[in-house]
Each structure stands twice: as C-alpha cells, then as structure tokens.
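Residue-level listing of the chains:
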Amino acid sequence: MVRVVIVGGGAAGASAAARARRLDPSAEVVLIERGSMITHAPCGMPYAIGGIVKSHEELMTYSPEEFEKERNIKVLIRTAVVDVDVDKRVVVVKRGESTEKIAWDKLVIATGAKPLVPKIPGVELKGILTMRHPDEVPHLKGHLEKAKTVAVVGGGYIGVEMAEVLLEMGKRVLLFEMFDQVLPAALDPDVAAIVAEEMKSRGVELHLGEKVVEFKGSDHVNKVVTEKGEYQVDEVVLAVGVRPDVDLAVRAGAKLGETGAVYVNEYMETTVPDVYAAGDVAEKVHRITGRRVWIPLAPTANKEGQVAGGNAVKGRVLKFPGVVGTAVTKFYDLYIARTGLGEKEAAQLGFKVQSSLIKARTKAHYMPNASPVHVKLIAEESTGRILGAQIVGKSQVVAAYADIMAVAIQSGYTLSDLFFSDLGYMPDTAPVWHPLIVAARVLSKGRL
C-alpha cells in the first residue's frame, strides 16, 4: 500500500489528495495544512475583508472533517512541515509544541506562494499588511475597519480588488504603483488606461509611476514616502506581488527553475525521485512560446494537483500541457480579463506583432442593458496567428470572451479562424456581429 503525503491544503494540495484517493482507493493519503482550513480560496480574501462574503470560513469548500469522512483522507490542520528527509522518506511536522515524523512513499509539495515583501525601510512597522491565507481575514479586517486613510502599494490584481473593497468600507484610498499603469503584468497600457479612468472616477487616488521608498512611523506606520512626496496614512496594504514558497522543496533537494519556482516536468515530477510539486510553488510551460513561466492562478493549481496526485499513485497517467495565462478580475462592475501574450511581451519575445483595440456592445443596440466592451487582439503579423487578447467591459460576459480566446489561442487560431468561428447570437446575448469577430476583422486590415 502506497502512502502519499501532500503538503499544503489549498487548491493544488486538496486536488492532489482527492485525485490520489479516486485513482487508488487502497492508498493511504495524508494532507498536511499549516492553517485551520483546507480547500480554501485566498482569491476571495478581499471580498471577505469587505463583508461581501459574510465570513472567511465561507472561503472553504470542504471542512477538514468532511474531507476525512467523505474521501477517507487523513487531514492534519494547524500542522507545519519544518523539514524533510528524502533519504529516509519522512517529513518532520510540528503541531503545537510537539514534533513528529511522518513517513511517505510519494511526496507532493503544494506549498503555494507567499507575499513579496520588498526591502523598503520601515516595512517592518505595524499596520503594514500582507495577504496570503483566509485565516488572516479577521486580523486584516480588524486593522482596516479602524482606518480612515489606507494606502495600497501595488496595482496588480490584489491591489485593484482591495481598492474597491476599501472604498466600499468608506476609506480614503491611495494606490501606489511604480510602473506608469495599473495591472502592469496583465494589461497593455492602452487597455490599462480604461481601468485607471474607472478607478479614478470611483474615487481611488492613483499614484502611477510613483515608487514607494520608505514607510515612516514610531511603532505603527503613519506615512508613505515616495520619490515624489510624503502621504499621511493609517494603514498600508502591501500588494506588490507574490513569490513561490519553495523552502520545503529546496530542503528536499528539488531543482528550482529559471523563474525561481520549482522545476517540474509535464508529469509534475521534480528532479527528486517520487517528489512532485504542483500549484503556485511550481513552474509552468507557456503553450504559445514553450518557455518556462510562473503564473500563479487557482484553476491551474487545481489541474496540476490532479496530475500530481494521479501520477503519485498510478505512475505517469496524466500530463499537464501548460498554460496561456488566462486571468479575470473586476473593479466594481468593470470586468477585466486577459489571456495569451500582451503586445509588449510578444514583441520582447521576438514576435513581429499587430494589434487592434475596438469598442463594441455586449448586446444588440436596441436591447436594454447593453453596455460597451473593449476588445484588444494581438496577432503575429506574418501568419495572423492570435497571440493574446485583453477584454474590459461592464458585463460578466467579459470573462466568457476571455475563455473563448483562451481556447482559440491554445488551439493555434488565426484571425481567419476566429472570424469564421460559429459563435452564437440572439439580441439579448450578443450583437449579430460578435465583438470578438469584429475585433478579428478590424485587425485583419481589410483581409476579412
């Protein structure tokens, strides 16, 4: 009987445990989680802090007890893995004050990512908050509810989402981003400008192209210092990104890849025999370029967990084919989605690209509640192969557009393929000329 030990109870870890159990009912599966909950959703933390989700405990899909009873998986919560011995095939865990060793035949490392804390003077002051685990929500909420002015440092996904939450909590919000646009890793400047205008119209004080160089305060932060000035604040949300939590993998002797995440092959195997890695801790392969990338997203983590867990009990039965980097966020009712390569990114990788940004409507013009939608397509100039798409609009259909484009891009669609794709129509769901098809026609420059 094989024993599979999985470290990390989030998307990848819980998925690995469930798949291992399903493929091998006789296996002993042990899931170890340092926090109090498994199958948790850190991406829902802003909405729990803002009260949109009533309790942070609702960010958990299964309780540990349910997982144990329904899936016959041993779950250890509030248990930290502090060391691993690959030769003896044991992990050393700490539960409260006690330490014990747990043996394994196969080990899955799903330790996720942790907040990036830049080396800025004063960053250790109280009131400078980071976000990682849903367990932290009560603590974060308690701090932010008392504040009047909150600085958000970082204009990525978490920064944008927290700006909305804080405005809804009645706070004055200052957002600092060292690059000259919001969502610099996700959107091209022309699309990001649409998002920035919406954020400013809602009351966010945007400080773009303004790098934070110091935090001031005697014990608790009270000032954010940038290259351009000083700003009085009550609390700071540090949202400058995350990095893979590779400490355990390194202890196990696993090789790190060029991105700094754990190097894995298509079977989610590390360079150490019988040790797998999945989720935000692991590198991915980009399906357009074949390059190794690190794009930490929950849907990817779930799938990688399935691959790691299945292969841990059955050998190489599943492969993970890679990603195209599909992501969705929102700011109030403005939905923001992207997939594939951005224009600048594609050019830097050596593609000769063409792009277009169009404005269309989500429904037929005569239907009520139609709203504008902006669609940007990026394609290879010589072949017309679609490399990327970015969509922004005040409708949830934006996410569906991005999903269509993700499948098109990973399938190698050209502009002609997209133009002639048989997308559905009725006046209340789309114009007769679907915005994606219009975007393909415009970018073809008269060829379609």
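Residues numbered from 1 in each chain as written. Predicted model: local features only at pLDDT ≥ 70, side-chain atom pairs only at ≥ 80, totals over all residues. Heavy atoms only, no water.

### Some words on helix α12 (residues 435–443)
We count it as follows: With a 1.4 Å probe rolled over the protein chains alone, any residue whose accessible area is under 20% of its type maximum counts as buried; one over 50% counts as exposed, and the rest are partly exposed. A helix here means a DSSP run of H or I that spans at least four residues, while a strand means a run of E at least two residues long, and both kinds are numbered starting from the N terminus. Residues count as neighbours in contact if any of their non-hydrogen atoms are within 4.5 Å of one another.
Three or more residues of α12 are buried, namely Pro435, Leu436, Ile437, Ala439, Ala440 and Leu443. Looking at the buried positions of α12, the neighbouring elements they touch are β23 (353–361), β24 (372–380), α10 (397–410) and α11 (415–419). Of the residues flanking the end of α12, it is lysine 445, one or two places downstream, whose phi is positive at about 55 degrees.

### So, the packing of aromatic side chains
Threshold: Two aromatic rings, drawn from Phe, Tyr or Trp (for Trp, its six-membered ring), form a pair once their centres lie within 6.5 Å of each other, and the interplanar angle then sorts them: stacked below 30 degrees, edge-to-face above 60, tilted otherwise. Charge-over-ring placement is defined geometrically: NZ (Lys) or CZ (Arg) within 6 Å of the ring centre, and within 35 degrees of the ring normal.
What the rule picks out here adds up to five aromatic pairs. Relative to tyrosine 332, the ring of phenylalanine 331 has its centre 5.0 Å away and its plane inclined at 75 degrees; by these criteria the two rings are edge-to-face. An identical accessibility class is assigned to phenylalanine 331 and tyrosine 332; each is buried. Following the ring pairs from residue to residue traces out a cluster consisting of Phe419, Phe420 and Trp433. For the cation-ring pair, arginine 71 lies above tyrosine 62, with the distance from its terminal atom to the ring centre recorded as 4.8 Å. If you follow arginine 292 out to its NZ or CZ, it ends over the ring of tyrosine 263, 3.8 Å from the centre.

### A few points about the side chain of histidine 133
Put simply, the rule is: In protein, a polar contact requires one atom able to donate a hydrogen and another able to accept it; more generally it is a pair of N or O atoms within 3.5 Å, and residues adjacent in sequence count only if both atoms are side-chain atoms.
Within the fold, histidine 133 resides in the loop between β9 (128–129) and α4 (137–146). Residue histidine 133 is classed as buried on the basis of its relative accessible area, which comes to 6%. A distance of 3.0 Å separates polar atoms of two side chains, one belonging to histidine 133 and the other to glutamate 33. When neighbours within four sequence positions are excluded, histidine 133 is seen to be in contact with Glu33, Gly35, Ser36, Met37, His40 and Met45.

### Some points on the sheet that holds strand β1 (residues 3–7)
Short version of the rule: Criterion used throughout: strands pair if DSSP finds at least two bridges between them. Helix axes are fitted to C-alpha atoms over the stretch in contact, other axes to C-alpha atoms as well, and angles between N-to-C directions run from 0 to 180 degrees.
Strand order in this open sheet of five strands is β3-β2-β1-β7-β18, and the pairing throughout is parallel. If you trace the sheet from one side to the other, it starts and ends with β3 (74–76) and β18 (275–277), each paired once. Direction aside, neighbouring strands of the sheet carry axes that sit 15 degrees apart on average. For strand β2 (residues 28–32) and β3, the ladder comprises three bridges, and the chain directions are parallel. In the strand pairing of β3, isoleucine 32 is matched with leucine 76. Sitting on the sheet, helix α1 (residues 11–23) is in contact with β1, β2 and β7 (106–109), with an inclination near 170 degrees to β2.

### Some remarks on unusual backbone geometry
For threonine 39, which is not a glycine, the phi torsion comes out positive at approximately 45 degrees. Summarising the element assignment, threonine 39 is placed in the loop between β2 and α2 (45–49). Its relative accessible area of 12% is what places threonine 39 among the buried residues. The backbone of methionine 268 sits at a positive phi, close to 65 degrees, despite the residue not being glycine. Checked against the element boundaries, methionine 268 lands in the loop between α7 (247–251) and β18.

### Quick word on the side chain of serine 356
Of note, serine 356 is situated in strand β23. The residues touching serine 356, leaving out its near neighbours within four places in the chain, are Val375, Lys376, Leu377, Ala439, Val442 and Leu443.

### Quick look at helix α5 (residues 157–168)
Quick reminder of the rule: Expected helix span is given by 1.5 Å per residue-to-residue step, counting one fewer step than there are residues.
Spanning 12 residues, α5 covers 17 Å between terminal C-alpha atoms, matching the ideal 16 Å at 1.5 Å per step. When you tally the buried positions in α5, you get nine out of 12 residues, the bulk of the element. Here α5 has its buried residues at Gly159, Val160, Glu161, Met162, Ala163, Glu164, Val165, Leu166 and Leu167. Downstream of α5 by a residue or two, glycine 170 has a phi angle that is positive, lying close to 85 degrees.

### Considering the pairing of strand β13 (residues 212–216)
Examined bridge by bridge, β13 and strand β14 (residues 223–226) share four bridges and lie antiparallel to one another. In the strand pairing of β14, valine 212 is matched with threonine 226. Connecting β13 to the next strand, β14, in antiparallel fashion are six residues, including glycine 217 with a positive phi near 155 degrees.

### Considerations on the pattern of salt bridges
As a reminder, the rule being used: In what follows, salt bridge is the name for a side-chain nitrogen of Lys or Arg lying within 4 Å of a carboxyl oxygen of Asp or Glu.
Tallied over the full model, the rule gives 26 salt bridges. Between glutamate 230 and lysine 223 there is a salt bridge; the shortest N-O distance is 3.4 Å. A relative accessible area of 42% means that glutamate 230 is categorised as partly exposed. Among the salt bridges present, the one from glutamate 381 reaches lysine 352, with a minimum N-O distance of 3.6 Å. With glutamate 381 in the loop between β24 and β25 (386–393) and lysine 352 in the loop between α9 (343–348) and β23, this pair connects stretches of sequence that are 29 residues apart. Classification of glutamate 381 as partly exposed rests on a relative accessible area of 35%. The class for lysine 352 is exposed, based on a relative accessible area of 61%.

### Focus: a nonpolar patch on the surface
Quick note on the threshold: Each patch is assembled from residues with relative accessible area greater than 30% and no salt bridge, linking like charges that lie within 9 Å and nonpolar side chains (Val, Leu, Ile, Met, Phe, Trp, Tyr) that lie within 5 Å. Residue exposure ignores everything except the shown protein chains as possible cover, and the areas themselves are Shrake-Rupley values with a 1.4 Å probe.
Where nonpolar side chains cluster on the molecular surface, the patch consists of Tyr366, Tyr425, Val432 and Trp433 and spans about 480 Å² of accessible area. Take tyrosine 425: it is sitting in the loop between α11 and α12. Assessed through its relative accessible area of 40%, tyrosine 425 is described here as partly exposed.

### With respect to the environment of alanine 399
On the secondary structure map, alanine 399 appears in helix α10. When the C-alpha positions of alanine 399 and leucine 387 are compared, they lie 18 Å apart, and in sequence the two are 12 residues distant.

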